[in-house]
Amino acid sequence: MITADDERFLRRAIALAAHAVTVGDAPYGSLLVGPDGAVLAEAHNTVRRDMDISAHPELKLARWAARELDPEAAARTTMYTSCQPCGMCTGGIVRSGLGRVVFALSTEQLVELNPESGAWPVVPQDGPALFEEARSPIDAYYGAD
Ligand SMILES: [Zn+2]
């Protein structure tokens, strides 16, 4: 359920997205809000500027949260974002331990507005292979017998 406070923070995420456009970056913005309503960090997309395909605001903030917040604080923190996080960012958000994500545009709505946003090809993957060899560093790290 999206509350009036949620909408207020979503409007900030949309404002960050709008600001990104004015400085030549792609139109995506996000922020992290603690349980007391304090804004902890903000970011917008800098993929072009940084020449870094991972410079989505959601992933930058997930990385910030994993570095700067203890697990309990992360679990009580909400990410507000102008668009639903992509698969890359969703993975980072899960690993960061953030407790909640609230987004404005869904991926489907974004693709309706800009079909190129949904034009990612499926990359073929082959595997598994070489199980006994591949497990060796895993066992060495995690201490299996
Ligand atoms: Zn993303």
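Data block above holds the structure.
Treat the numbers as computed from the prediction; the structure is a model and nothing was measured.

Caption draft 1: Quick look at the packing of helix H3 (residues 57-68) against helix H5 (residues 87-96). At a closest axis distance of 8 Å, the pairing of H3 and H5 adopts a crossing angle of 15°. With respect to H5, the element H3 is oriented roughly parallel. H5 is crossed by H3, and the crossing has left-handed handedness. Touching Glu 58, Leu 59, Ala 62, Arg 63, Ala 65 and Ala 66 of H3 are Met 88, Cys 89, Gly 92, Ile 93, Arg 95 and Ser 96, all from H5.

Caption draft 2: Quick peek at the nonpolar core. Counting 23 residues, the largest nonpolar core has Leu 31 and Ala 62 as its most contacted members. Within the residue set of this core, elements represented by two or more residues are helix H1 (4-22), strand E1 (29-33), H3, strand E3 (78-83) and H5. Element by element, the count of residues in this core is highest for H1, at 5 residues. Once residues within four sequence positions are removed from consideration, Ala 62 is found in contact with Cys 89, Gly 92, Ile 93, Ser 96 and Leu 98.

Caption draft 3: Examining the environment of Arg 8 more closely. The residue Arg 8 is located in helix H1 in this model. The spatial distance from the C-alpha of Arg 8 to the C-alpha of Pro 121 is 35 Å, given a sequence separation of 113 residues.

Caption draft 4: Structural detail: helix H7 (residues 131-142). Over its 12 residues, H7 extends 16 Å from the first C-alpha to the last, a length consistent with the 16 Å expected when each residue adds 1.5 Å. The buried fraction of H7 amounts to 0 of the 12 residues, a small share that puts the element mostly on the outside. In the stretch just after H7, Gly 143 is the one whose phi turns positive, near 80°.

Parameters and conventions
- Residues numbered from 1 in each chain as written.
- Predicted model: local features only at pLDDT ≥ 70, side-chain atom pairs only at ≥ 80, totals over all residues.
- Axes fitted to C-alpha atoms, helices over the stretch in contact; angles between N-to-C directions.
- Helix = DSSP H or I, 4+ residues; strand = E, 2+ residues; numbered from the N terminus.
- Parallel < 35°, antiparallel > 145°, perpendicular 65-115°, else oblique.
- Left-handed = near helix turned anticlockwise from the far one by under 90°.
- Contact = placed C-beta atoms within 7 Å.
- Core = buried A, V, L, I, M, F, W, Y, C linked by C-beta atoms within 7 Å.
- Buried ≥ 20, exposed ≤ 12 C-beta atoms within 10 Å, placed from the backbone.
- Expected span 1.5 Å × (residues − 1).

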